[in-house]
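Overview (structure and organization)
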Amino acid sequence: MNLTRSHGGIIILITLALAMILTIIPLPDSLVRLRPDWVGLTLIFWCLALPYRVSVGSGFVVGLLLDVLSGTLLGQHALALSLTAYVCVRLHARIRAYPAWQQMLTVLVLLVLHQLVVLWVDRTIGRPGHSLAYWLPSLIGMFLWPLVYRWLDSVRRAFSVQ
Amino acid sequence: MGVVLLSIALMTIDHRQHHLDSMRGALSVVVYPLQLLVDLPGNTVDWFRESLATRRQLQEENFSLRKQQLVLNTQLQKLETLEAENRHLRALLDSSFQVGERPMLIAALLSVDMDPYRHQIEINKGSLDNLFDGQPLLDSRGVMGQLIHVGPFTSTAMLITDPAHAIPVQINRNGLRTIALGTGKFDQLELPNIPNNADIQVGDLLVSSGLGGRFPPGYPVAEVVEIEQDPGRAFSQVLAQPRAQLDRSREVLLVWPEQIEHPSMQDASEPPVEEAP
C-alpha cells in the first residue's frame, strides 16, 4: 500500500516537472507570449482527480518553483496557484460531473484566475500593464484542456495513481 | 488560508528587502536539473557542429580570427599609448579618476525562457563563482544588464531593456548626464527629461556614467536613434538603441569592481570575498 502510494507520488511529480519543462523550453519570439499555462493545467487536473492528495499545499510549492523558474517575485505564482488549487478542490465534485464544454469554461476561469493574481501583483509593485493579448494563454489553455485531460487521465490509469 | 498570508508575506519581503535570497538560491538548485535538461538539446547541437566541422572550415575560421586579432591588437597598442598619456595628464591635474583593468569572467546563457513580459536571462554561473547581486553584465559590444538573483549554480540577470530597469549614462561626445530607461522592447531605451535645448544628436553614443556605483564608467550602452522635439512639451522624446545584442548574445562577460579582487585570479587559498558593490 505504502509502496503504491509513493509510486503514485512520483508520477504526479514527473508530470508537474514535465509541465515546468514545457514552461521554460525556448520558443520562437512570436510564440513566446502564447505559451499556455502548462503547470496550471496539470495542477488543475491533479486537483480534480485526487483532491485529497494534491491541493493548496502542492499548489503553493509548485508556484514557488515556478516563481524561481520565471524570475517573478517569490510568492507570486505561489499565491495564484494555491488559490486556483483551492477553488478546484472546493468544487472538484461539481466540475467532474460537468459536460466537456462546461468543464472547459471552468478551466478557463481557473486559468484566468491564475493570470489575474499574477497581473495584480505585477501592477501592485509598479510594473507596466499589458495589452489584451496577455489573456491569450488562458484561452489556448482552455482549448488544450480536453487533450491534457485525456493524456493525464491515461497516465493516471496506466500507473494506477490513487 | 494560511497559505495566502504566507505568500503575501513572502512577496512583501522579497520586494522590499533581500532576506529571501538564500531561499531563492535553495529553490534555484531544485529547478537547476530542469533548466539543464532544457538547455541540453541546444548544447548538443553546438557540440556536434563543432566536432563535425571540416578542416577547411576550421582553417577559414582560424584565419579570420587571426586577422581580427591583428586588427584588435593594433587598436590596443593605440589604446595603451592613449591610456599612458591620459594617466600622465590626469596626474598633472591631480585627478583621481582612473580607467583600470577589471577582472572578468565569461558565462554562457542557459537557453530557457522566462516570464515573457520581463526581460530576464538565466546564466550558468552563480555564487560558487563569486558572482554577487547587482553585478554588471556585458557582451562584446556594450552593457547588457545586471544580476538580480544569484543562486549557487545559476543566476538571473535583468536586461537594460526591462521596463523596471534604469541605467545612468552620459553622452560620450559632451558628457551630458542622463538616465536610460528600459521600454520592454529589445531594441529601445528611453531617455526621459531631456530639455528641448539640450545638445543631443542622432548617432550620439551613450556610455555608462558610473554614477550610482553599480555599473563601471565608460562602457558603451546605447546609440541615440530618434529625437522628437515638440515645442509644446517641456522635454524632448529621445529613443536609443542598445549597443549590446540583447536578444542574440550567447556568451556574456561579468565584471568585478576594481576594489574587490576576483579570488580565482589570485591564489585559490584565499577565502571568497562577499561584499556589496
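Residues numbered from 1 in each chain as written. Chains lettered and ligands numbered in written order. Predicted model: local features only at pLDDT ≥ 70, side-chain atom pairs only at ≥ 80, totals over all residues. Heavy atoms only, no water.

1. Quick look at the interface of chain B and chain A
With 33 residues of chain B at the contact, the number on the chain A side is 38 residues. The largest per-residue losses of area from chain B upon contact with chain A belong to Asp113(B), Tyr117(B) and Arg118(B), which jointly make up 23% of the total buried on that side. Applying the counting rule to chain B against chain A returns two salt bridges. The salt bridge partner of Asp122(A) is Arg118(B), with a shortest N-O separation of 2.3 Å. Elements that contribute at least two residues to the side of chain B that touches chain A include exactly helix H1 (2-16) and helix H2 (21-51) of chain B. Of the residues that constitute the side of chain B that touches chain A, the class distribution is 21 nonpolar, six polar and six charged. (Contact = heavy atoms within 4.5 Å. Buried area = accessible area lost by both parts, 1.4 Å probe. Salt bridge = Lys/Arg side-chain N within 4 Å of Asp/Glu carboxyl O. Helix = DSSP H or I, 4+ residues; strand = E, 2+ residues; numbered from the N terminus. Nonpolar A, V, L, I, M, F, W, Y, C, P; charged D, E, K, R; others polar.)

2. Points about the state of the cysteines
Residue and element names in this part refer to chain A. Applying the stated criterion across every chain, the model contains zero disulfides over all chains. The thiol of cysteine 47 is not disulfide-bonded; the next cysteine sulfur, from cysteine 88, is found 4.9 Å away. Residue classification places cysteine 88 among the buried residues on the basis of a relative accessible area of 1%. (Disulfide = S-S within 2.5 Å. Buried < 20%, exposed > 50% of the residue type's maximum accessible area, 1.4 Å probe, protein only.)

3. Quick word on the nonpolar core
Ranked by internal contacts, the top residues of the largest apolar core, which has 50 residues, are Ile12(A), Met20(A), Val39(A), Ile44(A), Trp46(A), Leu64(A) and Trp145(A). Those elements giving two or more residues to this core turn out to be helix H1 (2-24), helix H3 (38-49), helix H4 (56-70), helix H5 (76-90), helix H7 (100-124) and helix H8 (136-158) of chain A together with H2 of chain B. In terms of residue count, the dominant contributor to this core is H3(A) (nine residues). Apart from residues lying up to four places away in sequence, Met20(A) is in contact with Val39(A), Val62(A), Leu65(A), Leu69(A) and Leu34(B). (Core = buried A, V, L, I, M, F, W, Y, C linked by side-chain atoms within 4.5 Å.)

4. A few points about the packing of H3(A) against H5(A)
Residue and element names in this part refer to chain A. Where H3 contacts H5, the two axes come as close as 9 Å, and the packing angle between them is 30°. Considered as vectors, H3 and H5 are oriented roughly parallel to each other. Seen along the crossing, H3 lies across H5 with a hand that is right-handed. The segment H3 lies against H5, with Val39, Gly40, Leu43, Ile44, Cys47 and Leu48 engaging Leu81, Thr84, Ala85, Cys88 and Val89. Looking at side-chain class alone, the contact of H3 with H5 contains nine nonpolar, two polar and no charged residues. (Axes fitted to C-alpha atoms, helices over the stretch in contact; angles between N-to-C directions. Parallel < 35°, antiparallel > 145°, perpendicular 65-115°, else oblique. Left-handed = near helix turned anticlockwise from the far one by under 90°.)

5. Focus on the packing of H3(A) against H7(A)
Residues and elements named next belong to chain A. Packing of H3 against H7 leaves a shortest axis separation of 10 Å and a crossing angle of 125°. Relative to H7, H3 is oriented oblique. For the pair H3 and H7, the sense of crossing is right-handed. Residue-level contacts link Gly40, Leu41 and Ile44 of H3 to Val107, Leu110 and Leu111 of H7.

6. As for the sheet that holds strand S1 (residues 104-108) of chain B
All names here are of chain B. Within the open sheet, the six strands sit side by side as S1-S12-S3-S4-S5-S2. Their pairing is antiparallel. The sheet is open, and its two edges are formed by S1 and strand S2 (120-123), each paired on a single side. For this sheet, the mean angle separating the axes of adjacent strands, direction not counted, is 35°. Of the strand pairs in this sheet, strand S4 (residues 143-150) and strand S5 (residues 155-159) are connected by five bridges, and their pairing is antiparallel. Across the sheet, valine 150 pairs through a bridge with serine 155, a residue of S5. (Pairing = 2+ DSSP bridges.)

7. Structural notes on the sheet that holds strand S9 (residues 205-208) of chain B
Pairing in this closed barrel of six strands is antiparallel, and the strands run S6-S7-S8-S11-S10-S9 (chain B) around the ring. Direction aside, neighbouring strands of the sheet carry axes that sit 40° apart on average.

8. Points about the environment of Gln115(A)
Residues and elements named next belong to chain A. Summarising the element assignment, glutamine 115 is placed in helix H7. For the pair glutamine 115 and tryptophan 135, spaced 20 residues apart in sequence, the C-alpha separation works out to 7.6 Å. Discounting chain neighbours no more than four positions away, the residues touching glutamine 115 are Tyr134, Trp135, Pro137 and Ser138. Within the local environment of glutamine 115, its side chain forms a polar contact with the side chain of serine 138, the two groups lying 2.7 Å apart. (Polar contact = N/O pair within 3.5 Å; in protein donor to acceptor, adjacent residues only side chain to side chain.)

9. Focus on the packing of aromatic side chains
Applying the stated criterion across every chain, the model contains seven aromatic pairs over all chains. Here the aromatic cluster, defined as three or more aromatic residues joined through ring pairs, consists of Phe45(A), Trp46(A), Trp145(A) and Tyr149(A). (Phe/Tyr/Trp six-rings, centres within 6.5 Å; stacked < 30°, edge-to-face > 60°.)

10. Quick word on the side chain of Lys125(B)
By the secondary structure assignment, Lys125(B) is in the loop between S2 and strand S3 (136-138). Despite being buried, Lys125(B) has no salt bridge partner; Asp129(B) is the closest side chain of opposite charge, sitting 5.3 Å away. (Lys, Arg positive; Asp, Glu negative; His and termini not counted.)

11. Structural notes on the confidence of the model for chain A
Close inspection of predicted coordinates is inappropriate for parts of the model with low pLDDT. Averaged over chain A, the pLDDT score is 87; the fraction of residues at 70 or greater is 96%. Mean pLDDT across the elements of chain A bottoms out in H1(A) (79) and peaks in H3(A) (92). (pLDDT = per-residue confidence, 0-100.)

12. A word on the pairing of strand S12 (residues 251-255) of chain B
Residue and element names in this part refer to chain B. Sheet topology note: the S1/S12 ladder contains five bridges and is antiparallel. Residue pairing across strands places methionine 104 opposite valine 255, the latter belonging to S12. Here S3 pairs with S12 via two bridges, running antiparallel. Paired with leucine 138 across the two strands is leucine 253, which belongs to S12.

13. Points about the pattern of salt bridges
Counted according to the given criterion, the structure contains ten salt bridges over all chains. Among the salt bridges present, the one from Asp162(B) reaches Arg127(A), with a minimum N-O distance of 3.3 Å. In this pair, Asp162(B) sits in the loop between S5 and strand S6 (166-171) while Arg127(A) sits in the loop between H7 and H8, so the two residues belong to two different chains. Take Asp162(B) and Arg127(A): they sit in the same class, and that class is buried. Salt bridges here are not isolated pairs; linked through shared partners, they connect Asp122(A), Asp115(B) and Arg118(B).

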